[in-house]
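Below are the chains, spelled out letter by letter.
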Amino acid sequence: MSPVSEGGSPLTPLRGVPATVVGGYLGSGKTTLINGWLQAGACQGWALLVNDLGSINVDAERLRQGDGRVLELGGGCVCCTLRDGLGAALVELARRELPPAHVLIETSGMALPERVASQLQLHGLALARVLLVVDLERIEALWHDRWVGELVQQQFDGVDLLQFSKGDLLPPGEAERRQQWLRQQLESRAQHPAPPFHSERQLVRSDAWLQLEPLERSQVLAWAAQLSPELLRAKGEVWLTDAPDGPVRFDRAGDRLTLATAPSRPWSHPLQRRGHLVAISRADAAAPRWPSTFLQATPDPSSPLIPA
């Protein structure tokens, strides 16, 4: 029996609430898009379901309370984590005194938006839109990638709207050319049956690192430069010696690395200074060598190779 057909369902308060799904491959810019909506005040009274609460850039002034699962923002906007699953996040929302005006879900970078949309409908929500963020800088390479190419192509299924990102990083006219190329690929793909779907767990592994001591910026950059192509995405915050007032945002998607010049926020408490990174790699890849391990194995160029 579905959650909404049962009289005493915990999800009954969410029945008929409109829902929008925002999908896109790893590093495509989903969180950046959602942050822009938040800052523009476009999500008043909405509920945001996201994969990583730490990736949502919420100003301290707007953050009123939090319990690790639900953050209440200014304007009646609620932000939930999906770490316990979609059903659990929806139950968390349904327990609140007032139902949200709209539910916005940011999918995992390896998920199929169409499948998430189907789950929402099964739970009784009214699907409003399925939006896919497309990284124009990498879409051609990803489309033909022998490892994730099929998944990237299937992410376009059931999508109502495409939001292009990173076109400003391309030479003049190149963004338009890639949009035209993509249109041709989608028209061609629509004439062929979809290949078998491989689940996220079959394709990737996830690893995390907690940083308890500060590092030099040059050390983090040296570590990032040696990362294997099998590492598809790494993101989080690092503790740098040249930015003592707060954590610095780190983001690596494909070959593009972003290490912010200034802290993304102040430390919540001087005694809680730490960094954290999450890496998503191909399922058959070895665990990444985190900065601390990499530096221990890297000889100091100022030291002699042979003791005197």
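This is a predicted model, so every value here is computed, not measured.

The rules behind the values
- Residues numbered from 1 in each chain as written.
- Predicted model: local features only at pLDDT ≥ 70, side-chain atom pairs only at ≥ 80, totals over all residues.
- Heavy atoms only, no water.
- Helix = DSSP H or I, 4+ residues; strand = E, 2+ residues; numbered from the N terminus.
- Buried < 20%, exposed > 50% of the residue type's maximum accessible area, 1.4 Å probe, protein only.
- Contact = heavy atoms within 4.5 Å.
- Areas by Shrake-Rupley, 256 points an atom, 1.4 Å probe, with all protein chains shown as cover.
- Salt bridge = Lys/Arg side-chain N within 4 Å of Asp/Glu carboxyl O.
- Arc of directions from axis to C-beta.
- 1 Å grid on protein atoms, 1.4 Å probe; cavity = no way out; pocket = protein on both sides within 12 Å on 5 of 7 lines; lining within 4 Å.
- Points joined across faces, edges and corners; volume = space filled by probe spheres on them.
- Nonpolar A, V, L, I, M, F, W, Y, C, P; charged D, E, K, R; others polar.
- Phe/Tyr/Trp six-rings, centres within 6.5 Å; stacked < 30°, edge-to-face > 60°.

Asks: Residue-level account of the overall build of the chain, with values.
Replies: Helix and strand content of the chain: nine helices and 13 strands. Residue burial in the chain is summarised as follows: out of 308 residues, 45% are buried. Relative to all contacts within the chain whose residues are 6 or more apart in sequence, the contacts with residues 24 or more apart total 72%. Approximately 16300 Å² of the chain is accessible, and the part contributed by carbon and sulfur atoms is 52%.

Asks: I'd like a description of the pattern of salt bridges, backed by residues and values.
Replies: For the coordinates displayed, the defined rule picks out 14 salt bridges. For E174, the salt bridge goes to R177, with nearest N and O atoms at 2.8 Å. Pair noted here: E174 and R177 are both in helix α6 (residues 174–189), with a separation of three residues, about one helical turn. Accessibility expressed as a relative area gives 17% for E174, which makes it buried. R217 serves as the salt-bridge partner of D242, at 2.8 Å between the closest nitrogen and oxygen. Of this pair, D242 sits in the loop between β10 (231–238) and β11 (248–253) while R217 sits in helix α8 (residues 217–225), and the two are 25 residues apart along the sequence. A relative accessible area of 44% places D242 in the partly exposed class. When salt bridges with common partners are traced through the structure, they connect E140, E174, R177 and R178 into a single cluster.

Asks: Just give me the short version of α8, but keep the residues and values in it.
Replies: Those residues of α8 not exposed but buried are R217, V220, W223 and A224. Here the buried residues of α8 occupy an arc of 130 degrees about the axis, which is enough to place them on one side. Exposed and oriented more than 90 degrees from the buried face of α8 are S218 and A225.

Asks: Break down empty space enclosed by the protein for me, citing the residues and quoting the values.
Replies: Tallied over the full model, the rule gives two cavities of 30 Å³ or more. When its volume is computed, the largest cavity comes out at roughly 90 Å³. Taken together, 14 residues form the lining of the largest cavity, with Y25, V133, V134, D135 and I139 sitting closest to its centre. For the lining of the largest cavity, the secondary-structure elements that each account for two or more residues are β7 (126–135) and α4 (139–143). If you tally residues by element for the lining of the largest cavity, the top one is β7, at four residues. Looking at the lining of the largest cavity, its residues break down into nine nonpolar, three polar and two charged.

Asks: Which residues make up the packing of aromatic side chains, and what values do they have?
Replies: Counted according to the given criterion, the structure contains six aromatic pairs. Taking the centre distance of 5.9 Å and the plane angle of 75 degrees together, the rings of W239 and W267 count as edge-to-face. Within this pair, whereas W239 is found in the loop between β10 and β11, its partner W267 is found in the loop between β12 (256–259) and β13 (275–282), the two being separated by 28 residues in sequence. The class for W239 is buried, based on a relative accessible area of 13%. A relative accessible area of 13% places W267 in the buried class.

Asks: Residues and numbers for helix α1 (residues 30–39), please.
Replies: Of the residues making up α1, those classed as buried are K30, T31, L33, I34, N35 and L38. Trailing α1 by a residue or two, G41 shows a phi angle of about 70 degrees, which is positive.

Asks: I'd like a rundown of the layout of surface pockets, residues and numbers included.
Replies: Taking a probe equal in size to a water molecule and rolling it over the atoms shows the remaining empty space. Approximately 360 Å³ is the volume attributed to the second largest pocket. As for the second largest pocket, its lining consists of 16 residues, and the residues nearest its centre are R138, L142, A253, G254 and D255. Among the secondary structure elements, those contributing two or more residues to the lining of the second largest pocket are α4, β10 and β11. Class assignment of the residues belonging to the lining of the second largest pocket gives a composition of eight nonpolar, one polar and seven charged.

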